[in-house]
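Now for the letters of each chain:
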Amino acid sequence: MKIGIDLGGTTVGIGVVDENYKIVAETEMRTADCKTPDELASIVLEGTRKLIESNHIDQKDITFIGMGCPGEIDTEKGIAVAADNLPIEKSPFAKLLTETFGAPARLDNDANCAAWGEHMAGVSKGYKNIVTVTLGTGIGGGIIVDGKLLHGKENHAGEIGHMVIDIHGKRCGCGRIGCWETMASTRALIKEVEHQARYAPNSRLGKLIAANGGHANGKTLFIAMSEEDNMARSIFNDWIRALEVGMWNVINIFRPDMIVISGGISNEGETLLAPLRNAVGKCSTLIRAGRLGGNAGLIGAAALDEMVI
Ligand SMILES: [Zn+2]
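Residues numbered from 1 in each chain as written. Predicted model: local features only at pLDDT ≥ 70, side-chain atom pairs only at ≥ 80, totals over all residues. Heavy atoms only, no water.

### Regarding the domain arrangement of the chain
Here's step 1: If you check the domain split of the chain, you get domain 1 (2-117 + 296-306) and domain 2 (127-290).
Here's step 2: In this assembly, nine residues from domain 1 lie in contact with nine residues from domain 2.
Here's step 3: Between domain 1 and domain 2 lies a buried interface of about 790 Å² when both sides are counted; carbon and sulfur atoms form 55% of it.
Here's step 4: Broken down residue by residue, the surface that domain 1 buries against domain 2 is led by Asn-112, Ala-115 and Trp-116, which jointly contribute 56%.
Here's step 5: Linking domain 1 to domain 2 there are zero salt bridges.
Here's step 6: Our count for the contact surface shared by domain 1 and domain 2 stands at three residue pairs in polar contact (both at pLDDT 80 or more).
Here's step 7: Here the side of domain 1 that touches domain 2 gets four residues from one element, more than from any other, and that element is helix 3 (residues 110-121).
Here's step 8: Considered class by class, the residues forming the side of domain 1 that touches domain 2 number four nonpolar, two polar and three charged. (Domains from an automatic or database assignment. Contact = heavy atoms within 4.5 Å. Buried area = accessible area lost by both parts, 1.4 Å probe. Salt bridge = Lys/Arg side-chain N within 4 Å of Asp/Glu carboxyl O. Polar contact = N/O pair within 3.5 Å; in protein donor to acceptor, adjacent residues only side chain to side chain. Helix = DSSP H or I, 4+ residues; strand = E, 2+ residues; numbered from the N terminus. Nonpolar A, V, L, I, M, F, W, Y, C, P; charged D, E, K, R; others polar.)

Dropping the structure here:
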């Protein structure tokens, strides 16, 4: 049995997986109120201890503990160096986990863990060259080349959301202009939906947003499209175009066997995937949605011991 830990800004998910990477027990603890690295570490350690105890697992049966963390990671030393929304300051999680539970432990970036999870137990299992594109607040990337995760210098590889696709575009949170994620993330789509609906309050989209207190979410546009709202279709087409430009860049650089689309919006399935597949139609790269959903990071963390660095 192995343990996977998926640390996030709001919660930490902790799970026990069997030899087929099936989750056999899991728990979730809140991390949003953590103020200090010590507090955060004790939540992770206590949560893991309780999970083991409440499921009557013998500590000796745990062969490995893997953990995915946001932000900067020193994978060699097993240290979470820094993160934007969590009190992580060089937290030596691998050492803490090994000392507490007596099993070897490894750390990696959360986006890398999610890509690794899909590769080990999900949609991209059996393929060697994969790029995972996670659509959300930004666009995250996990790149697997010849079966190995690409870490790059100081583990900074895979920031595909910050490739510029429009030099006259909008300013990105990173400071540059026209990054892919300013145009093609789920957040960018929601912003555009809200912006355009303001000028068309009587459209189906406008009414859906008004009924939701003036806000759209990841599903609003798809509901309006299913009701044949023309404005919704036009916003979607523009967004797909921006997504396609970046996808082609990714394909031209890596020529992967598969691009895995993950993030909540990937639940839209073929409505999202078919136009993307069409857009990259001339190349043989497969476009698939992730299969593990929100568990990809946890499962990938538990499988970090199978990763060759
Ligand atoms: Zn950027």
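What follows continues from the structure just given.
### So, the pattern of salt bridges
Here's step 1: Taken as a whole and judged by the stated rule, the model has 11 salt bridges.
Here's step 2: Here Asp-305 ties to Lys-2 by a salt bridge, and the two come within 2.7 Å at their closest N and O atoms. Taken together, the positions of Asp-305 in the segment after helix 10 (296-302) and Lys-2 in strand 1 (residues 2-7) put the pair 303 residues apart, joining distant regions of the chain.
Here's step 3: Its salt-bridge partner being Asp-33, residue Arg-30 comes within 3.0 Å of it at the nearest N-O pair.
Here's step 4: Via salt bridges that share partners, Lys-2, Asp-305 and Glu-306 belong to a single interconnected network.

### Observations regarding unusual backbone geometry
Here's step 1: One non-glycine residue, Asn-155, adopts positive backbone phi at about 60 degrees.
Here's step 2: You can see Asn-155 is positioned in the loop between strand 11 (148-149) and helix 4 (180-184).
Here's step 3: With a relative accessible area of 18%, Asn-155 lands in the buried category.
Here's step 4: Even without being glycine, Arg-255 reaches a positive phi, approximately 40 degrees.
Here's step 5: By secondary structure assignment, the location of Arg-255 is in the loop between helix 8 (230-254) and strand 12 (258-262). (Buried < 20%, exposed > 50% of the residue type's maximum accessible area, 1.4 Å probe, protein only.)

### Things to note about the nonpolar core
Here's step 1: Counting 41 residues, the largest nonpolar core has Val-133, Trp-180, Leu-221, Trp-239 and Ile-261 as the members making the most contacts within it.
Here's step 2: For this core, the leading source of residues is helix 8, giving 11 residues.
Here's step 3: The contacts of Trp-239, once residues within four sequence positions are left out, are Leu-135, Met-183, Ala-184, Ser-185, Leu-189, Ile-265 and Leu-272.
Here's step 4: Judged by nonpolar contacts, the second largest core, of 32 residues, contains Ile-14, Ala-25, Ala-103 and Ala-105. (Core = buried A, V, L, I, M, F, W, Y, C linked by side-chain atoms within 4.5 Å.)

### Quick look at the coordination of the zinc ion
Here's step 1: Donor atoms from the polypeptide that bind the zinc ion are His-162 (ND1), Cys-172 (SG), Cys-174 (SG) and Cys-179 (SG), placed at 2.0 to 2.3 Å.
Here's step 2: If you look at the zinc ion, its four donor atoms make angles of 104 to 123 degrees with each other, and the shape they trace is tetrahedral.
Here's step 3: Of note, the zinc ion draws all its donor residues from one chain, in the sequence arrangement H-x9-C-x1-C-x4-C. You can see His-162 sitting in the loop between strand 11 and helix 4 and its partner Cys-179 sitting in the loop between strand 11 and helix 4, a full 17 residues away along the chain.
Here's step 4: When its relative accessible area of 0% is taken as the criterion, Cys-179 is described as buried. (Donors = N, O, S within 2.8 Å, 3.2 Å for Na, K, Ca; no water. Tetrahedral: all angles 85-135°; square planar, octahedral: opposite > 155°, others 65-115°.)

### Topic: the pairing of strand 4 (residues 64-69)
Two faces, one strand: in a regular strand the side chains alternate between the faces of the sheet.
Here's step 1: Of all six residues in strand 4, six are buried; the element is thus mostly enclosed.
Here's step 2: The two faces of strand 4 match: Phe-64, Gly-66 and Gly-68 on one face and Ile-65, Met-67 and Cys-69 on the other face are all buried.
Here's step 3: In this structure, strand 1 lies alongside strand 4, joined through five bridges in parallel fashion. Paired with Ile-5 across the two strands is Met-67, which belongs to strand 4.
Here's step 4: Note that strand 4 and strand 8 (residues 105-109) share five bridges and pair parallel. Bridge pairing in strand 8 links Ile-65 to Ala-105. (Pairing = 2+ DSSP bridges.)

### Observations regarding the packing of aromatic side chains
Here's step 1: In the structure shown here, the tally under the stated rule is two aromatic pairs.
Here's step 2: Ring centres 5.6 Å apart and planes at 75 degrees place the aromatic pair Phe-222 and Phe-236 in the edge-to-face group. With Phe-222 in helix 7 (residues 220-226) and Phe-236 in helix 8, this pair connects stretches of sequence that are 14 residues apart. Exposure class is identical for Phe-222 and Phe-236. Each is buried.
Here's step 3: Relative to Trp-239, the ring of Phe-236 lies with its centre 6.2 Å away and its plane at 40 degrees, an arrangement referred to as tilted. Within this pair, Phe-236 and its partner Trp-239 are both found in helix 8, separated by three residues, close to a single helical turn.
Here's step 4: For Phe-236, a relative accessible area of 1% corresponds to the buried category.
Here's step 5: These aromatic residues form a ring-pair network of at least three members: Phe-222, Phe-236 and Trp-239. (Phe/Tyr/Trp six-rings, centres within 6.5 Å; stacked < 30°, edge-to-face > 60°.)

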